[in-house]
Amino acid sequence: MAALLRPARWLLRAGAVPGLPLPLRLLAGGPGRPRVALCLPAACPGPAAGGLLSQARLYAIAAEKKNYLQEEPTSSHRRNASQFDWALMRLDNSVRRTGRIPKTLLQKVFDNTCHSGSPGGNQALLLLRSCGSLLPELKLSERTEFAHRIWDKLQKLGTVYDVSHYNALLKVYLQNEYKFSPTDFLAKMEEANIQPNRVTYQRLIAAYCNVGDIEGASKILGFMKTKDLPVTEAVFSALVTGHARAGDMENAENILTVMKEAGIEPGPDTYLALLNAYAEKGDIDHVKQTLEKVEKSDLYLMDRDLFQIIFSFSKAGYPQYVSEILEKITYERRYIPDAMNLILLLVTEKLEDTALQILLACPISREDGLNDFGSFFLRHCVTMDTPVEKLKHYCKKLKDAQMHTSALQFTLQCALLANKPDLAKALMNALKEEGFPVRTHYFWPLLVGYQKEKNVQGVIEILKGMHEMGVNPDQETYVNYVFPCFDSVKSVRAVLQENGCLPESNVFSQAELKSEAVNGNLDYILSFLESNTLPFSFTSLRGSLILGFRRSMNINLWSKITELLYKDGRYCQEPLGPTEAVGYFLYNLIDSMSDSEVQAKEEHLRQYFHQLKEMNVKIPENIYRGIRNLLDNYHVPELIKDVNILVEREKIDSRKTMQLTISDLESTLEKLKAENQPVGDVLKQLILMLCSEENMQKALELKAKYESDMAVGGYAALINLCCRHDNAEDALNLKQEFDRLDSSAVLDTNKYVGLVKVLGKHGKLQDAINILKEMKEKDVLIKDATVLSFFHILNGAALRGETETVQQLHEAIVTLGLAKPSTTISSPLVTLYLEKDDLPTALEVAIDCHKKYKILPRIHDVLCKLIEKGETDLIQKAMDFVSQEQGEMTMLYDLFFAFLQTGNYKEAKKIIETPGIRARPTRLQWFCDRCISSNQVETLEKLVELTQKLFECDRDQLYYNLLKIYKINGDWQRADAVWNKMQEENIIPRGKTLRLLAEILRNSNQEVPFDVPELWDEDEKHSLDSSPLPEESNLQKDLLNACQWKKNKDAYNIFLKAQNRNVVFNGETYNSLIKLLLTKDNFTQAMQVKDFAETHIKGFTLNDAASSLLIITQVRRDYLKEALTTLKTALDLEQIPSRIAVTRLIQACALKGDLESIQAIQKMVNGLEDSIGLSNMVFINNIALAQIKNNNIDVAIENIENMLTSGNQTMEPQYFGLAYLFRKVIEEQLEPAVEKISIMAERLANQFAVYKPVTDLFLQLVDSGKVDDARALLQRCGAIAEQTPIFLVFCIRSSRRRGKVLCFTC
Amino acid sequence: MAASAVRGAVALRTSVGRPVAFVRKIPWTAASSELREHFAQFGHVRKCIVPFDKDTGFHRGMGWIQFSSEEELQNALQQENHVIDGVKCLILFFS
């Protein structure tokens, strides 16, 4: 890495040349600098396994590059390329981490490759190469099978194999000791017209040697010689193995001499071949001798080589010698994956004991006591069916060696995952013996296994096993894992009884109940509850009941069940009593439903409440309030009154909250004072009111007057008021009085922050610090927003140049731990001096921050200023510090950005061309974002230009940023130039880049010269994820919080703040804010937010809920046209507006006589009526009303009559409710209409036997107090009296309004 | 599994603003009762949900705890290590 720094140093050293301006001096060192050959550690191949893949990578990259040059970059190719990257990344990662590839991973990559269409040659190579020793968990034969499967499948898919593929296959054969005929192999290659190369011959020789066929090997060797191919060490090593396996150790040893004669020094590979040969014979003495010989020579055997010797000994049946080799192992950390690999291989070969021996020898840090290093071993033992006794022994060993904290539990988990019930049972027994709990859910995976095969006997066995182990199945066990195995719940009971595993407790009955409830079988539940004799508590039933209620819409059963629970002593024994129990039940029922569910079931719920009322069921008022809040949140306030009728009236709180004016309160206050009565409440109310009107003067006067009656709350409000008015003096006094009143009282966070701010601003530092201390002592909640406020306090002071304030407050905040030291919170320390142009101190402070807190605030700005001023020495100092503390690469980037920022592009170029520097995506993106937010087009252009050759640089991402800034400036010409440059550079743009480019061109009415790719979710997410600025996300979080707590003022203020700072949130946030503002009826503000969102977020739209609220608000304000537009927009976006919104809009239109709009709405929602929950009657009523309003009474009546009398009725007459129309007509006193409607209703009753309209009319007349008219109607049409069902509904509905008495005289 | 996690989340959906902690990396040996037991030391646990995947019989290592008050939640959040069945779980504020 030192090489990295050299050029940079060069640059600066050159700066010592006196008399030259800095940029020129920097240049002076440039051209002559030596180019240092580059080898970064990360680029070097790791362990052999990794090395194998690294080769694959190099090959792959080369191949890809070639493709880019040859072909047009088509989209399918790009998909292949990314598919390849993905596969490579997955496999490479796995090898790096664990030294192996799990079979499932390879299978997954293989399947994915197949699905991708036609896999490229590089992908095939990658897959084939993975089928050898990288799969230690697979038996040798299985590995080769896998390789063949891949080979055949890919060939079928059209992959063209070259010699590299054949060689890869050979390597796999060798690693897997696969027996095959080399001549057949060669014939196969010839058939495919592939020329074998040197590597092919070498590997074929090795193949012959592996089976001890020296003759075969010699034939190939002769062939190589005729072709003048060089004979390498690999060939000699193979021959060593060959002779040894042929039983000729003497000749095996002789090969080394032959090699030397041929001028090739035996290397580690040759010695390893020899060592393995001895090991296979169990010849420990020769192994030791050879090892000593190697040690004495310059050669060096790695741990990995020694592992091979261990494997040879073990496999040949000489495990006794393993420990002697183990002693020689150095256990370098990088060989741990190799050790794991060996351990797994040994387990696969059923040599578990040796595997454990090696595992226990691994030097794993055991300090934290939470180490589970042995897991991979245990898991593989379970897979390989290691006997349970051995496993238990291993678990104990691992635990004793502190290699696993919960070995038995882990092994059990593996057994469960592998679905091995017998092993699992044995392990559970072992757990029990060791004193660990065996829990019910341990059996669930086993039950799932049998459940999938519908194996009833298996399930019974498990239940019996549970019983034996003393574990009782719980409700969940039955419902989720036992019942699904059977056809019906009933049959379970029978079968369990037969097998004697029906529990005596009522758990099973509860499970049955729950299971029926899930199916919405309320009949069963009712009959069960009626006939049940077991004691059940309401609470235990609650969950099941709620499920059942939500799945069945039979309101009668709802009510009956509730009544039973309310009145039957069996279910309400708990101390709560029926009122509370049922109250909570109702609360939970509604709580468990979603808002849309409650909205959809509004009518059902209403009926339910009314039926409960009829049954005299009551709930306590406090629970009612909870339900009320829920309904409010769900936007169904219409239901509140229906719940209210259930409230137990006896204990109703008579205190009313009245809206009083300030003067009212003042006079009340005086009066109370005069009467010597307590004034606390009124005083507080008055102070709060004055505070909300920002009347500080009067509030303070009031406080002075009633000092002795002041309470904590009043003080808190006053303190905050004074802070807002920048009145430090009074704020401090009030705070002191507040403390005297109650020293333990705590203000809320914002008030403390306000105090700190105002005190700091007025130089009352000690007081401010005391407040901070108090915050700490009283453990005030510090939110992200609080930390941000601290920053603004400090930054404000820094900009005002108040050194003391910044330093002391910062010190206090950080040492008290109110905020963690971060670049943000500490940046004002540096800002202080940057503002004063005191660069040496600014740098000093930044460095000091790093020493104290390991952060380097505003270093970029400091460097920029230093460069501007040409402070070479200080730059040197800064760079030395950064490179020492954060690495040379960081320093180079800092310098690069600073040069770019200050326009010293040539110097920037030198820096970024430093050999060994590589792309740091996050830093590059940071600078891009900075350029974009401050609209520095040229700087960004230069950045993109200068990083062209940067290693591993994501060019597409950089161009994407460039396009972003062009978009802001509407500069389509430059955007178009980017398109050309990208082609020149052979960059394949991502979808999002192309889309952005297309957008810019379209916005300027230019033609788009390419196919715009479809929007992919992934891309979209990616672009959203592109690291939002911390401030942005903080503000957004605050805003959402404020929305949650329904603090509309706070939320709106945050919005304004963000707007001032040009911070744009995501669409959802704006939607929440708009919704909140609309519910609070802040229409203008809501519209402001909407406008802002629409102009700043492309494609911003209101969501369903917000649109609906907007419609309601617009209707309320009589903006009907706008409401209609909102509805249309929502529907165009395929949103479903709420029923209330649509209904209110229609009703408003009708009252205006705006028939056209109603018909327009009818057309718009056509087909959506069910999803909105809109009855056709809404239209019929309101169209008629509109017509009547337009004096087209006859048309309206004719239409209705037609609908009710024509053959094709759209609506059953009993549901043809015209009550709304009648009521409105009566209310609006449209006498001629009332008369004609009355005639129509009577005619329908008398001639067509349709009684619903006349009954509705009768009831509406009664309801609006026109009793005489009603009586006359009843006399004319006696059948009204027989319409009991209609009356019933009406009575229920009107009884909730007020105690109305209906008298029928019939 | 995703579905059951969603269901868990939905069950506590209305808990926006309620004192709920989100726990990750729960060991497979612990279910909701173990979680409840552990968190009871910080206050009254109103709801505790560890959704199981009915297709495997295992949970996916996450759960939700609803306390009675914000203060109790803070108690729980302030403790650095939550070790359940010998495994360190991660606990996050959930909102």
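Residues numbered from 1 in each chain as written. Chains lettered and ligands numbered in written order. Predicted model: local features only at pLDDT ≥ 70, side-chain atom pairs only at ≥ 80, totals over all residues. Heavy atoms only, no water.

- The name an unreviewed UniProt entry gives chain B is SRA stem-loop-interacting RNA-binding protein, mitochondrial, with Equus caballus as the organism.
- The record held by UniProt for chain B lists under Function (unreviewed entry) the comment "RNA-binding protein that acts as a nuclear receptor corepressor. Probably acts by binding the SRA RNA, and repressing the SRA-mediated nuclear receptor coactivation. Binds the STR7 loop of SRA RNA. Also able to repress glucocorticoid (GR), androgen (AR), thyroid (TR) and VDR-mediated transactivation." (UniProt positions renumbered as here; feature names shortened; annotations may be inferred.)

- Per an unreviewed UniProt entry, chain A goes by the name Leucine-rich PPR motif-containing protein, mitochondrial and belongs to Equus caballus.

1. Re the overall build of chain B
1) Next: Counting its regular elements, chain B contains three helices and five strands.
2) Next: Taken from N to C terminus, the helices and strands of chain B fall in the order α-β-α-β-β-α-β-β.
3) Next: By residue count, 51% of the 95 residues in chain B fall in the buried class.
4) Next: Within chain B, residue pairs in contact and separated by at least 24 positions form 66% of the contacts whose partners lie at least 6 positions apart.
5) Next: Element-wise, carbon and sulfur atoms account for 52% of the exposed surface of chain B, whose accessible area totals about 4500 Å². (Helix = DSSP H or I, 4+ residues; strand = E, 2+ residues; numbered from the N terminus. Buried < 20%, exposed > 50% of the residue type's maximum accessible area, 1.4 Å probe, protein only. Contact = heavy atoms within 4.5 Å. Areas by Shrake-Rupley, 256 points an atom, 1.4 Å probe, with all protein chains shown as cover.)

2. Focus on the overall build of chain A
1) Next: If you tally the helices and strands in chain A, you get 73 helices and zero strands.
2) Next: A buried classification covers 50% of the 1306 residues belonging to chain A.
3) Next: Within chain A, contacts between residues separated by at least 24 positions form 68% of all contacts whose residues are at least 6 apart in sequence.
4) Next: Of the accessible surface of chain A, which amounts to about 62300 Å², a share of 49% is contributed by carbon and sulfur atoms.

3. Concerning the packing of aromatic side chains
One pair of aromatic rings is described through two measures. These are the centre distance and the angle between the planes.
1) Next: A complete count under the given rule lists 42 aromatic pairs over all chains for this structure.
2) Next: When the ring of Y442(A) is compared with that of W28(B), the centres are 4.8 Å apart and the planes differ by 40 degrees; the resulting orientation is tilted. Of this pair, Y442(A) sits in the loop between α23 (421-433) and α24 (444-452) while W28(B) sits in the loop between β1 (20-24) and α2 (32-39), each in a different chain.
3) Next: Members of the aromatic cluster, connected to one another through ring pairs, are W151(A), Y161(A), Y166(A), Y173(A), Y178(A), F180(A) and F185(A).
4) Next: The ring of F146(A) has R149(A) lying over it, and the distance from NZ or CZ to the ring centre is 4.8 Å.
5) Next: The lysine or arginine in question, K992(A), covers the ring of Y960(A), its NZ or CZ lying 4.3 Å from the ring centre. (Phe/Tyr/Trp six-rings, centres within 6.5 Å; stacked < 30°, edge-to-face > 60°. Lys NZ or Arg CZ within 6 Å of the ring centre and 35° of its normal.)

4. As for the confidence of the model for chain B
All names here are of chain B.
1) Next: Per-residue confidence for chain B averages 79 on the pLDDT scale, and 79% of its residues sit at or above 70.
2) Next: Low confidence marks residues 1-15, where pLDDT is under 50. Its contacts with residues over four positions away, or in another chain, come to 28 contacts.
3) Next: Two summary scores accompany this predicted model of the complex, namely pTM at 0.50 and ipTM at 0.88. (pLDDT = per-residue confidence, 0-100.)

5. Here's the deal with the interface of chain B and chain A
1) Next: With 23 residues of chain B at the contact, the number on the chain A side is 25 residues.
2) Next: Taking both partners together, chain B and chain A bury about 2000 Å²; carbon and sulfur atoms supply 57% of that area.
3) Next: It is W28(B), K54(B) and F58(B) that lose the most area in chain B upon contact with chain A, and together they represent 31% of the buried surface on that side.
4) Next: Counting across the interface, chain B meets chain A through two salt bridges.
5) Next: Across the chain B-chain A interface, the total number found is eight residue pairs in polar contact (both at pLDDT 80 or more). (Buried area = accessible area lost by both parts, 1.4 Å probe. Salt bridge = Lys/Arg side-chain N within 4 Å of Asp/Glu carboxyl O. Polar contact = N/O pair within 3.5 Å; in protein donor to acceptor, adjacent residues only side chain to side chain.)

6. Some words on the pairing of strand β3 (residues 63-67) of chain B
Residues and elements named next belong to chain B.
1) Next: Within β3, five of the five residues are buried, which leaves it mostly tucked inside the rest of the structure.
2) Next: Because side chains alternate across β3, one face comprises the buried residues G63, I65 and F67, and the other comprises W64 and Q66, equally buried.
3) Next: Bridge count between β1 and β3: four bridges; the pairing is antiparallel. Among the inter-strand pairings, F22 is bridged to a residue of β3, identified as W64. (Pairing = 2+ DSSP bridges.)

7. Here's the deal with the environment of V489(A)
Residue and element names in this part refer to chain A.
1) Next: Mapped onto the secondary structure, V489 falls in helix α27 (residues 489-498).
2) Next: The spatial distance from the C-alpha of V489 to the C-alpha of S515 is 7.7 Å, given a sequence separation of 26 residues.
3) Next: Dropping the residues within four chain positions of it, V489 is found in contact with F483, E512, S515 and E516.

8. Structural notes on the environment of V756(A)
Residue and element names in this part refer to chain A.
1) Next: Among the structural elements, V756 can be located in helix α42 (residues 749-761).
2) Next: For the pair V756 and L772, spaced 16 residues apart in sequence, the C-alpha to C-alpha distance is 7.2 Å.
3) Next: Apart from the residues within four sequence positions on either side, V756 is in contact with A768, I771, L772, I793 and L809.

9. Some details on the UniProt feature "repeat: PPR" (unreviewed entry) in chain A
All names here are of chain A.
1) Next: The feature "repeat: PPR" (unreviewed entry), as annotated in UniProt, sits at residues 197-231, 232-266 and 748-782 in this numbering.
2) Next: Split by type, residues 197-231 is 74% helix and 0% strand. Its first and last C-alpha atoms lie 13 Å apart.
3) Next: Measuring from the first to the last C-alpha atom of residues 748-782 gives 10 Å, for a span that is 74% helix and 0% strand.

10. Focus: helix α60 (residues 1067-1079) of chain A
Residues three or four positions apart in an α-helix share a direction because the helix packs 3.6 residues into each turn.
1) Next: Over its 13 residues, α60(A) extends 18 Å from the first C-alpha to the last, a length consistent with the 18 Å expected when each residue adds 1.5 Å.
2) Next: Just downstream of α60(A), D1081(A) is the residue with a positive phi angle, here 65 degrees. (Expected span 1.5 Å × (residues − 1).)

11. Overview of the pattern of salt bridges
1) Next: Summed over the entire model, instances satisfying the criterion amount to 55 salt bridges over all chains.
2) Next: Here the salt bridges share partners, and the residues they tie into one network are E602(A), E603(A), R606(A), D642(A) and R1139(A).

12. Quick look at the nonpolar core
1) Next: By size, the foremost hydrophobic cluster in this structure holds 172 residues, and its most contacted members are I309(A), F377(A) and F39(B).
2) Next: Ranked by the residues each element gives to this core, the list is headed by helix α18 (residues 336-348) of chain A, at nine residues.
3) Next: When sequence neighbours within four positions are dropped, the list of residues in contact with I309(A) reads L272(A), L275(A), N276(A), A279(A), V287(A), L291(A) and I325(A).
4) Next: In terms of nonpolar packing, the next biggest core, distinct from the first, is built from 75 residues, L843(A), V937(A), V944(A) and L996(A) among them. (Core = buried A, V, L, I, M, F, W, Y, C linked by side-chain atoms within 4.5 Å.)

13. Quick word on the side chain of K751(A)
All names here are of chain A.
1) Next: With respect to the element layout, K751 can be found in helix α42.
2) Next: Judged by its relative accessible area of 16%, K751 falls in the buried class.
3) Next: Dropping the residues within four chain positions of it, K751 is found in contact with A716 and N720.

14. Observations regarding the packing of α42(A) against helix α43 (residues 765-777) of chain A
Residue and element names in this part refer to chain A.
1) Next: Here α42 crosses α43 at 160 degrees, and the two axes come no closer than 8 Å. With respect to each other, α42 and α43 are oriented roughly antiparallel. Handedness of the α42/α43 crossing: left-handed. Between α42 and α43, the contacting residues are T749, Y752, V753, L755, V756, L759 and G760 on the first element and D767, A768, I771, L772, E774 and M775 on the second.
2) Next: A breakdown of the residues in the contact of α42 with α43 according to their chemical character gives nine nonpolar, two polar and two charged. (Axes fitted to C-alpha atoms, helices over the stretch in contact; angles between N-to-C directions. Parallel < 35°, antiparallel > 145°, perpendicular 65-115°, else oblique. Left-handed = near helix turned anticlockwise from the far one by under 90°. Nonpolar A, V, L, I, M, F, W, Y, C, P; charged D, E, K, R; others polar.)

15. Notes on helix α40 (residues 712-724) of chain A
Residue and element names in this part refer to chain A.
1) Next: Between its first and last C-alpha, α40 extends 19 Å over 13 residues, near the 18 Å set by a 1.5 Å rise per residue.
2) Next: Burial of α40 is extensive: 10 of the 13 residues sit out of reach of the surface.
3) Next: Along α40, the residues classified as buried are G714, Y715, A716, A717, L718, I719, N720, L721, C722 and C723.
4) Next: The inward-facing, buried residues of α40 contact α38 (680-692), α39 (696-705), α41 (728-741) and α42.
5) Next: Count one or two residues on from α40 and you reach D726, which has phi positive near 60 degrees.

16. So, the packing of α40(A) against α42(A)
Residue and element names in this part refer to chain A.
1) Next: Two elements in contact, α40 and α42, have axes whose closest approach is 9 Å; the angle formed by their N-to-C orientations is 40 degrees. As the angle between them shows, α40 and α42 are arranged oblique. α42 is crossed by α40, and the crossing has left-handed handedness. Contacts from A716, I719, N720 and C723 in α40 reach K751, G754, L755 and V758 in α42.

17. A few points about the environment of E327(A)
1) Next: Tracing the chain through its elements places E327(A) in the loop between α17 (322-326) and α18.
2) Next: Taking the C-alpha atoms as reference, E327(A) lies 9.3 Å from A361(A); in sequence the two are 34 residues apart.

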